[in-house]
Amino acid sequence: MKILVTERFLDHIPGGQMEAVLGKMTRFVQDYRDFGFNMAGMRHGVSVREIGNNRHGLRIFKFRVTKSDRVLFTFDVSRLRPEYRQSILFLDYVLHDEQGQVGRVIGLRNQKIQAYNHVDEEAFDAWVDEASQHYDYDPNHAITRVIDVKTMGRLLDTRDEKVLYYLNDEQYACLQKKDAPAFLFGSAGSGKTTINIYKLYLLALAPVKVAYFTYSSFLVEDAKKLFLKVSEEGGGNLNGAVEFIHLQEHLSHHTGRHQLVNYPQFQHWVASHHPVLLQKAGIGPLGVYKEIRGLIKGMVPKEWIGYEIDLEAKKVAPPVIEALERQGLAKLRGNVLELFPEKLYAAKKEFLDPFTLGGVLLLHQHLDEWLVAHKMMGRETYLGLDEGYSPYTAAQREAIYEMAMSYQEWLEASGRVDENDISRLYLKKIMDGKVPGYDYVVADEIQDLTELQTYILIKLANNRNHLLFSGDINQTIRPTYFHMGRVESMMKVSNTHLGFDKHLLVKNYRSALEVVELANRLIDLRCRALGNHKKNDYKEQAIRDRASSVFYCDFKSPADVIRLIETGLNRHYVAVVVPDEGEKVQLQQMTPIKGAIFTVEEIKGIERDYVICYNVASRYKKQWETALSGDEAPNSTYRFYFNLLYVALTRARNQLVFVETDMPKPLMEALRDLLLIKHEFEEGNFLLAEVSSENQFYQEAALYERRELYEQAINAYKLSGLDVEKEVRRCKALVKNQQGYHLEAGHELGKLGFHSLAAKCYLQAGDELNYLKALVNQGLPFEKLQERFGQDVLMFIYSQKENPAFLHRFNQIYKLEIARRLGALDRMQESLQNLNRRWQGGKGNA
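Just so you know, the residues in each chain are numbered from 1, in the order the chain's sequence is written. Selection of residues for local features in this predicted model requires a pLDDT of at least 70, selection of side-chain atom pairs for listing and counting requires 80 or more, and totals for whole chains, interfaces and linings are taken over all residues. Each side-chain value is derived from all of the structure's non-hydrogen atoms; neither hydrogens nor water enter the calculation.

Draft legend 1. Fine view of the nonpolar core. Think of a nonpolar core as a cluster: buried Ala, Val, Leu, Ile, Met, Phe, Trp, Tyr and Cys residues, connected wherever their side-chain atoms sit within 4.5 Å. For every residue, the accessible area (1.4 Å probe, protein chains only) is compared with the maximum for its type, and the residue is labelled buried under 20%, exposed over 50%, or partly exposed between those bounds. With 82 residues, the main nonpolar core has Trp624, Leu656 and Phe658 as its most contacted residues. Broken down by element, the residue count for this core peaks at 9 residues, all from helix 24 (residues 639-649). One finds Ala330, Ile458, Ile473 and Met490 within the second-largest nonpolar core, a separate group that totals 57 residues. Counting from the N terminus, the helices are DSSP H or I runs at least four residues long and the strands are E runs at least two residues long.

Pasting the structure below:
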């Protein structure tokens, strides 16, 4: 039996009473089920009555919790899909509060609140009955959780990763089977990941090989937990039926390259090696990195490469050459066959004869070979890109390309690789047939990938129609180049289908109405400034009600800014968001309080009840003023600043606050009517009166650590006031690992006893001996040890000049392995002897 609970129901349960209310609900549901779904036969003391005369035809029942509390529910779930028809749906919690007021019935707008001097149950029930006549429930405009009796207690944790939600019609349509690749566009909080998980569940029911890829390690774990929950609710155990994969770890595993250069390392390198070029270009390290990662190294430049096949190096059957020439798809010039890619792409729309198919495969193979052989786009190609790809001048591009060449030389000289290099190594393995494909590939947050990474995911699908990508271009703030049209163009290279089956999700289930209104205003502003793109510029629909006005701080005293920030840092439910690391450092210097300060990049993928945005707009005042001036032609560069502000504000569930020291005037003018100006700080007026407990800070710290936000985790652990020395030291070691000090991090983690984490650090450091030590210290069985190490463990250990310090412990593991093998041999011998005795006995009887 399924139980559905609206979020509004949960929101209306008074603080401190959740556990007691859920206990009564659980007993009620158990009794209802045990008595054969017959309320009349339920045990004495359960007070349930139907409320009649609902104007929307909804059958509503009320369940008495106390003399001042009522639960509204229904069995009338005809508005839901058939699989939920045997469910009970809890609609609302109505109470007569301490001030003698009847709480609003959720589902009614502007309901008049009636006051009583004391709790008059008869009058209270009459009011509930009357108000319920106007109540309506639409699953497409309500947030509804799906649970069962066993998981009722999880409602106590609003951040439970295993919470399931009822899919609205818009979301459910994305699951319908079509023989075409699919792409989910969706706003923040629209449920893209949830849809992906339900799709994975449906795929896992069939005997197919399925993979889920994402760019974020924490998303892998969250997705895995949600999938297991969906599987449990479906009545089966599908653990292991889907591979949940962090893309970079997957590429490293298959290529054996673990020392990847990330942006902080690039930033340090370019600042120390090319300060003059940076100054000459007039572009910061992030802008240069975006051009290199997204375009110069990360683009698939299929339009700008030559498709000349050297027939001396590659054998092509003469009938294929003749057929291609005859159809005008290629031209033979001596020993070179020139393919005409656009004509071949067009030919793929029709039925392909074997010869034309051979030409298409030759085209695909040539592109793959080019990508593997060329680590960078050619200089002339890059300089010739139009402004739709790169907004920089010819002189700026010259400087950027010079830095790109120097960067690539540094990588190769030092034996390092970046994520585009490792993608090329992986593509070569795909070409050589050394990487198995998948029957279906699902990929989340696709906007964060380079084209080369996306191309690899397409190649991993055995059937190119069996792809599901999801993303949101409005949340593209990482250094990359993402364009949906180019992703579709790559599909045409790899697939006979012309494009994606697109789904647009516009309902925002995360943020309060005020936050969504501000996000929509920002989208309007961007469209006016940069032009309207039908595929990317869409309005959001808020599902949550109003919570509180968006505050804008125009404080008379600078001390109030510090008080606000410090108060926020001392609340576990608050996140302070800044645009970049530079602004974070400046803010941290303003207060001795250490807490959860995030850059927009760091908080991406996280939501908080309360968000304080500090100088997210002021940091880029000149860029905002230029973008909104109307004096320049639309420039895609400025989309970054709109996206940055969009991501920052859509992290807020309920309360959003802006603190800007130098707000761009045109931006303020555009948003002013949606902001409540505050001139002084007071905890109560800023809805910060609720203090946080030690345990709440500890839970937040653990959450940050899982998301690899170790700096924030350290501060939250310390704010808990608990004995957290070991947790803090662990996070400090992991910070070192992020900074590239893999060996030092591994040593520290090993000393603390976190051998699994130490193993990852040693692997990244390329230290085989210490990596094996960490595996041995985990106590892994020999078979698993051999698998993880990837080479002959015995040969490696006994080929060392000196006995490793962990040799005794390894010998203990190997001793158990020998005993296991001997035991297996004994059992085999005993089985053979039994067979022989039975055979001898049968022979004697004969």
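Back to the text.
Draft legend 2. Region of interest: helix 23 (residues 621-629). Of all the residues in helix 23, the buried ones are Trp624, Ala627 and Leu628. Viewed along the axis of helix 23, the buried residues span an arc of 85 degrees, placing them on a single side of the element. Residue contacts follow a heavy-atom distance rule, with two residues in contact if any of their heavy atoms lie within 4.5 Å. Next to the buried residues of helix 23 lie helix 19 (513-530), helix 24 and helix 25 (665-671). Directions drawn from the helix axis to the C-beta atoms are what define this arc.

Draft legend 3. Structural context of the pairing of strand 20 (residues 574-578). Where burial is concerned, most of strand 20 is hidden: 5 out of the 5 residues are buried. Strands are labelled as partners when DSSP assigns at least two bridges between them. Across 4 bridges, the pairing between strand 20 and strand 22 (residues 608-614) is parallel. Opposite Ala575, over in strand 22, you have Val611 as the bridge partner. Strand direction decides the pairing type here: strand 20 and strand 21 (residues 597-599), joined by 3 bridges, are parallel. Residue pairing for strand 21: Val577 is matched across the bridge by Phe598. In this fold, the crossover linking strand 20 to strand 21 by way of helix 21 (residues 581-588) has right-handed handedness. For the handedness criterion, the strands are oriented away from the viewer, and a crossover whose path from the first strand over the helix to the second runs clockwise is classed as right-handed.

Draft legend 4. Representation of the sheet that holds strand 5 (residues 88-95) in the model. Spatially, 7 strands are ordered 2-3-4-5-1-6-7 in an open sheet, and the strand pairing comes out mixed. Looking along the sheet, the strands with just one partner apiece sit at the ends: strand 2 (48-51) and strand 7 (164-165). Where strand 1 (residues 3-6) lies against strand 6 (residues 144-147), 4 bridges are found, and the strand directions are antiparallel. Of the residues in strand 6, the one forming a bridge with Thr6 is Thr144. A fitted line through C-alpha atoms represents every axis, and for helices the fit uses only the stretch in contact; the resulting angles, taken between N-to-C directions, go from 0 to 180 degrees. In the packing of helix 2 (residues 18-34) onto the sheet, contacts are made with strand 1, strand 2, strand 3 (60-66), strand 4 (69-74) and strand 5, and the angle to strand 5 comes to roughly 140 degrees.

Draft legend 5. View of the side chain of Gln408. Along the chain, Gln408 falls in helix 15 (residues 394-414). Gln408 gets classed as buried once you look at its relative accessible area, which sits at 5%. Sequence-distant contacts of Gln408, that is, excluding residues within four places in its chain, are made with Lys297, Lys375, Met376 and Asp421.

Draft legend 6. Region of interest: the packing of aromatic side chains. Centres within 6.5 Å make a pair out of two Phe, Tyr or Trp rings, where for Trp the six-membered ring is used; the pair is then stacked when the planes are under 30 degrees apart, edge-to-face when over 60, and tilted otherwise. Tallying each qualifying case throughout the model produces 37 aromatic pairs. On the numbers, 6.0 Å between centres and 50 degrees between planes, the contact of Phe73 with Phe90 is tilted. One end of the pair, Phe73, is in strand 4; the other, Phe90, is in strand 5, and 17 residues separate them in sequence. In terms of burial, Phe73 and Phe90 fall into one category: buried. Here the aromatic rings of Trp269 and Trp410 are separated by 5.6 Å at their centres, their planes lie at 25 degrees, and the arrangement is stacked. Pair noted here: Trp269 is in helix 8 (residues 263-273) and Trp410 is in helix 15, with a separation of 141 residues, a long-range link. A network of ring pairs unites the aromatic residues Phe9, Phe28, Phe61, Phe63, Phe73, Phe75, Phe90 and Tyr93 as a single cluster. Comment: the charge-over-ring label is applied if NZ (Lys) or CZ (Arg) is within 6 Å of the ring centre and within 35 degrees of the ring normal. The ring of Tyr382 has Arg397 lying over it, and the distance from NZ or CZ to the ring centre is 5.8 Å.

Draft legend 7. Highlighting the sheet that holds strand 14 (residues 440-443). Ordered in space as 10-9-14-15-8-16, the 6 strands form an open sheet in which the pairing is parallel. The sheet terminates laterally at strand 10 (242-246) and strand 16 (501-505), the two strands that pair on one side only. Between one strand axis and the next, the sheet turns by 15 degrees as a mean value, whatever way the strands run. For strand 9 (residues 210-214) and strand 10, the ladder comprises 5 bridges, and the chain directions are parallel. Along strand 10, the bridge assignment pairs Tyr212 with Phe244. The strands that helix 5 (residues 192-204) touches are strand 8 (182-186), strand 9, strand 10, strand 14, strand 15 (467-471) and strand 16; relative to strand 9, the one it contacts most, it runs at about 160 degrees. Along the sheet, helix 17 (residues 451-460) makes contact with strand 9, strand 14 and strand 15, crossing strand 15 at roughly 155 degrees.

Draft legend 8. Local environment of the pattern of salt bridges. Criterion for a salt bridge: a side-chain nitrogen of Lys or Arg within 4 Å of a carboxyl oxygen of Asp or Glu. As enumerated under the stated definition, the model contains 50 salt bridges in all. Notably, a salt bridge pairs Asp501 with Lys178, separated by 3.6 Å at the nearest N-O pair. Here Asp501, found in strand 16, pairs with Lys178, found in the loop between helix 4 (169-172) and strand 8; they are 323 residues apart in sequence, far enough to count as distant. With a shortest N-O distance of 2.5 Å, Glu705 and Arg730 are connected by a salt bridge. Taken together, the residues span a long stretch of sequence, with Glu705 in helix 26 (residues 694-706) and Arg730 in helix 28 (residues 725-738) at a distance of 25 residues. Among the charged side chains, a salt-bridge network with shared partners connects Arg49, Lys62, Arg64, Arg70, Glu121, Asp125 and Asp129.

Draft legend 9. Summary view of the packing of helix 23 against helix 24. Contact geometry of helix 23 with helix 24 gives a least axis separation of 10 Å together with a crossing angle of 115 degrees. By the criterion of interaxial angle, the relationship of helix 23 to helix 24 is roughly perpendicular. The chirality of how helix 23 crosses helix 24 is left-handed. Listed contacts from helix 24 to Gln623, Trp624, Ala627 and Leu628 of helix 23 are Tyr641, Phe642 and Leu645. Classification convention: Asp, Glu, Lys, Arg as charged; Ala, Val, Leu, Ile, Met, Phe, Trp, Tyr, Cys, Pro as nonpolar; all other residues, Gly among them, as polar. Residues that form the contact of helix 23 with helix 24 fall into these classes: 6 nonpolar, 1 polar and no charged. Any angle from 65 to 115 degrees is called roughly perpendicular, while one under 35 is roughly parallel, one over 145 is roughly antiparallel, and all others are oblique. A crossing counts as left-handed when the near helix is turned anticlockwise from the far one by less than a right angle, and as right-handed when that turn is clockwise.

Draft legend 10. Structural detail: the confidence of the model for the protein chain. Confidence scores labelled pLDDT are given residue by residue by the predictor and lie between 0 and 100. When pLDDT is averaged across the protein chain, the result is 87; 92% of the residues are at 70 or more. Taking the mean pLDDT of every element in the protein chain, the minimum, 74, falls on helix 18 (residues 484-494) and the maximum, 97, on strand 19 (residues 550-553). Scored below 50 in pLDDT, residues 98-117 makes 47 contacts in the model with residues more than four places away or belonging to other chains.

Draft legend 11. Summary view of the side chain of Asp448. Examined against the element boundaries, Asp448 turns out to sit in the loop between strand 14 and helix 17. Sequence-distant contacts of Asp448, that is, excluding residues within four places in its chain, are made with Tyr215, Arg293, Arg478, Thr480 and Lys604.

Draft legend 12. Here's a closer look at unusual backbone geometry. Notably, Leu687 is not glycine yet its phi reads approximately 60 degrees, a positive angle. Here Leu687 lies in the loop between strand 24 (675-678) and helix 26.

Draft legend 13. Examining helix 27 (residues 710-720) more closely. The buried fraction of helix 27 is high, at 8 of 11 residues. Within helix 27 the residues assigned to the buried category are Tyr710, Gln712, Ala713, Ile714, Asn715, Ala716, Tyr717 and Ser720. Its buried side turned inward, helix 27 meets helix 21, strand 21, helix 22 (600-603), helix 26 and helix 28. Just downstream of helix 27 lies Gly721, where phi reads positive at about 75 degrees.

Draft legend 14. Summary view of the environment of His250. Tracing the chain through its elements places His250 in helix 7 (residues 247-255). For His250, a relative accessible area of 10% corresponds to the buried category. Aside from chain neighbours lying at most four places away, what touches His250 is Phe213, Ile245, Tyr426 and Tyr438.

Draft legend 15. Quick look at a nonpolar patch on the surface. A contiguous nonpolar patch, built from Ile818, Leu822, Leu825, Met828, Leu832 and Leu835 and spanning about 570 Å² of accessible area, is present on the exposed surface. Residue placement: Leu835 occurs in helix 34 (residues 807-845). The patch calculation keeps residues exceeding 30% relative accessible area without a salt bridge and links them within 9 Å when they carry like charges or within 5 Å when they are nonpolar (Val, Leu, Ile, Met, Phe, Trp, Tyr). The Shrake-Rupley method, run with a 1.4 Å probe, gives the accessible areas here. Residue values count only the displayed protein chains as cover.

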